[in-house]
Amino acid sequence: SSLPTPHMGLALEIHGTDALACATVCIASEPGCAALPNSTGQPAFGLAFGTARAADGDVTLSGFDLPPNQFCLFATSLSGLDPGVPSGDGLLCLDPSGPGGIGRFVALGQVKNSGASGDVSLSTLAGEWDLSTIPTSTGTYAATVGFTSHFQLWYRDVVGAGHNFSNSFSITWR
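Residues numbered from 1 in each chain as written. Predicted model: local features only at pLDDT ≥ 70, side-chain atom pairs only at ≥ 80, totals over all residues. Heavy atoms only, no water.

Chemist: I'd like a description of the nonpolar core, backed by residues and values.
Modeler: Val59, Leu61, Phe74, Phe105, Trp129, Phe151 and Trp173 are the most contacted members of the largest nonpolar core, which has 23 residues in total. At the level of secondary structure, the elements contributing two or more residues to this core comprise strand 5 (59-64), strand 6 (71-77), strand 11 (120-123), strand 14 (148-156) and strand 15 (163-172). Element by element, the count of residues in this core is highest for strand 14, at three residues. Excluding residues within four positions of it along the chain, Phe105 makes contact with Leu61, Leu73, Phe74, Ala75, Thr76, Gln110, Val111, Leu122, Trp129, Ile134, Pro135 and Phe151. (Core = buried A, V, L, I, M, F, W, Y, C linked by side-chain atoms within 4.5 Å. Buried < 20%, exposed > 50% of the residue type's maximum accessible area, 1.4 Å probe, protein only. Helix = DSSP H or I, 4+ residues; strand = E, 2+ residues; numbered from the N terminus. Contact = heavy atoms within 4.5 Å.)

Chemist: Can you tell me about a nonpolar patch on the surface, naming the residues and giving the values?
Modeler: On the surface, a cluster of nonpolar side chains totalling about 270 Å² of accessible area is made up of Phe71, Val106 and Val111. Of note, Phe71 is situated in strand 6. (Patch = residues over 30% accessible without salt bridge, like charges linked within 9 Å, V, L, I, M, F, W, Y side chains within 5 Å. Areas by Shrake-Rupley, 256 points an atom, 1.4 Å probe, with all protein chains shown as cover. Salt bridge = Lys/Arg side-chain N within 4 Å of Asp/Glu carboxyl O.)

Chemist: If you had to explain the pairing of strand 15 to someone new, which residues and values would you point to?
Modeler: Counting buried positions along strand 15 gives 10 out of 10 residues, so the element sits mostly inside the fold. By the bridge criterion, eight bridges tie strand 14 to strand 15 in an arrangement that is antiparallel. From the neighbouring strand, Tyr155 faces strand 15, where its bridge partner is Asn164. Count of turn residues in the strand 14/strand 15 antiparallel hairpin: six residues, of which Gly160 carries a positive phi of about 60°. (Pairing = 2+ DSSP bridges.)

Chemist: Give me the lowdown on the sheet that holds strand 11, citing residues and values where you can.
Modeler: Spatially, three strands are ordered 4-5-11 in an open sheet, and the strand pairing comes out antiparallel. Edge strands, defined here as strands with exactly one partner in the open sheet, are strand 4 (45-50) and strand 11. Pairs of neighbouring strands in the sheet enclose a mean axial angle of 15°, with direction left out of account. In the sheet, strand 4 pairs with strand 5 via six bridges, with the strands oriented antiparallel. Within strand 5, the residue paired with Leu47 across the bridge is Ser62. (Axes fitted to C-alpha atoms, helices over the stretch in contact; angles between N-to-C directions.)

Structure follows, in structure tokens:
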């Protein structure tokens, strides 16, 4: 079962129970590789809300079903891996050998704690990141029409190898 959602000319398909997490408009236009279960028994789920129009500057990266009270950060790359590569208790779905490698959102206020809810977000409208400075392993780049940015949430977990990943999701900038 999938939920197609129109938004500014885009369509999103989220499959299975993940469709419930998309109660408002999502913009992740391309599915990536899946997540593996964490200590909650569920896989963490990541997606984006807002608009894929780079000029609008309105994107919130979100993560759900994380272990409570754990540190986490969003990572990004210009190319993805599907299937992912085993890392920790999950799958790394971002390509470290692609152009720009893997960038991490680690500036002040970007490293998050999942709190009691097990949910996190990183918002451009709240000033937590900017579409003109998306991180790479060697610097930054600006969201540009036609470029695709791949995202994934890395987080600590109290069992197993001590860390895991959400699914990956992508935004093709308009």
